Structure formats: structure tokens, C-alpha cells
Amino acid sequence: YALLREYRSRSGLSFDILSDLAITSPGYLHRLFEGRHKPSRDFLIRLALALGLSVEDADYLLREAGFYGLLEKNPILASYPASNAGAPPARAEHRS
């Protein structure tokens, strides 16, 4: 949470403006910055965009929060063979 406070301080954004940019309420942001809420990975990405963080800083923020970073492979997708990534499912043969 200290990292979030540092990034917000660097941005110079008020809670009201940051909440508008991150599409959330100022109250939620206050509770988040106080450490009373654990944000989702998706919310942290929205917050990083709202704060204008670099990709490297956003990656660091995600990893510090316990998520996989922007510069890492998604651990769920990494378990699939690369040759099948994005390929449509195989069709069953039709027998007459």
C-alpha cells in the first residue's frame, strides 16, 4: 500500500480525479490506500493506467501485490502448448 501511495503522490492526482479515471468511488480508493481492501489484478491495471504508470512500474505494482506481472506469461495460459495457442478446437470426424 505504501507503493500505491508513492505512485499516487508522484501523479499529483486527488482521490476524486483518480477515482473518476479508475472508474471507482473515492471511498473505495481511500479504503484501498489505507490497506482495508485487496484489489483485484484487473483493478490494479485500471489504477496503473489512471496513474499513468509505465509498463515497468505497472508490472512491479502487480508483482508486489502478489499477481503475475504484465511482462510475465499468464501462468494459466503458459500450461498450454504454444502450437495450440489461439487455435480453434479440433473438430470431431463425422462418420456416415
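Keep in mind that this is a model prediction, so the values were computed, not measured.

Undergrad: Which residues make up the pattern of salt bridges, and what values go with them?
TA: Scanning the model with the defined rule gives four salt bridges in all. Where Glu34 meets Arg36, a salt bridge forms, and the shortest distance between an N and an O atom there is 3.2 Å. Given a relative accessible area of 54%, Glu34 falls into the exposed group. The exposed category is assigned to Arg36, whose relative accessible area is 56%.

Undergrad: Which residues make up the packing of aromatic side chains, and what values do they have?
TA: Tallied over the entire structure, the rule returns two aromatic pairs. Centre to centre, the rings of Phe15 and Phe33 are 5.3 Å apart; their planes meet at 90°, and the pair counts as edge-to-face. Linking Phe15 in helix 2 (residues 15-22) with Phe33 in helix 3 (residues 26-33), this pair joins segments that are 18 residues apart in sequence. On the basis of relative accessible area, Phe33 is assigned to the buried category, the value being 5%. When the centroid spacing of 5.3 Å and the interplanar angle of 85° are considered together, the rings of Tyr28 and Phe43 count as edge-to-face. Placement of the pair is Tyr28 in helix 3 and Phe43 in helix 4 (residues 41-51), with a sequence separation of 15 residues. Exposure class is identical for Tyr28 and Phe43. Each is buried. Above the plane of the ring of Tyr68 lies Arg41, whose end atom (NZ or CZ) is 3.9 Å from the centre.

Undergrad: I'd like to hear about a nonpolar patch on the surface, residue by residue, with values.
TA: A grouping of Val55, Leu70 and Leu71 is seen on the molecular surface, where their side chains present a nonpolar patch of about 270 Å² in accessible area. Here Leu70 is to be found in the segment after helix 5 (55-64). By relative accessible area, Leu70 is classed as partly exposed at 39%.

Undergrad: How would you explain the nonpolar core if you had to name every residue and give the values?
TA: Leu18, Leu29 and Leu47 are the most contacted members of the largest nonpolar core, which has 21 residues in total. Those elements that place two or more of their residues in this core are helix 1 (2-11), helix 2, helix 3, helix 4 and helix 5. Take this core: its biggest share by element is six residues, from helix 4. Once you skip the residues sitting within four places of it in the chain, Leu18 turns out to touch Arg8, Leu13, Leu29, Phe33, Leu47, Ala50 and Leu51.

Undergrad: Outline unusual backbone geometry, supporting the account with residue identities and numerical values.
TA: Here Ile23, not a glycine, exhibits a phi torsion of approximately 55°, which is positive. Along the chain, Ile23 falls in the loop between helix 2 and helix 3.

Each value, and the rule that gives it
Residues numbered from 1 in each chain as written. Predicted model: local features only at pLDDT ≥ 70, side-chain atom pairs only at ≥ 80, totals over all residues. Heavy atoms only, no water. Salt bridge = Lys/Arg side-chain N within 4 Å of Asp/Glu carboxyl O. Buried < 20%, exposed > 50% of the residue type's maximum accessible area, 1.4 Å probe, protein only. Phe/Tyr/Trp six-rings, centres within 6.5 Å; stacked < 30°, edge-to-face > 60°. Helix = DSSP H or I, 4+ residues; strand = E, 2+ residues; numbered from the N terminus. Lys NZ or Arg CZ within 6 Å of the ring centre and 35° of its normal. Patch = residues over 30% accessible without salt bridge, like charges linked within 9 Å, V, L, I, M, F, W, Y side chains within 5 Å. Areas by Shrake-Rupley, 256 points an atom, 1.4 Å probe, with all protein chains shown as cover. Core = buried A, V, L, I, M, F, W, Y, C linked by side-chain atoms within 4.5 Å. Contact = heavy atoms within 4.5 Å.

From the geometry alone we can't say anything about function, so treat these as descriptive.
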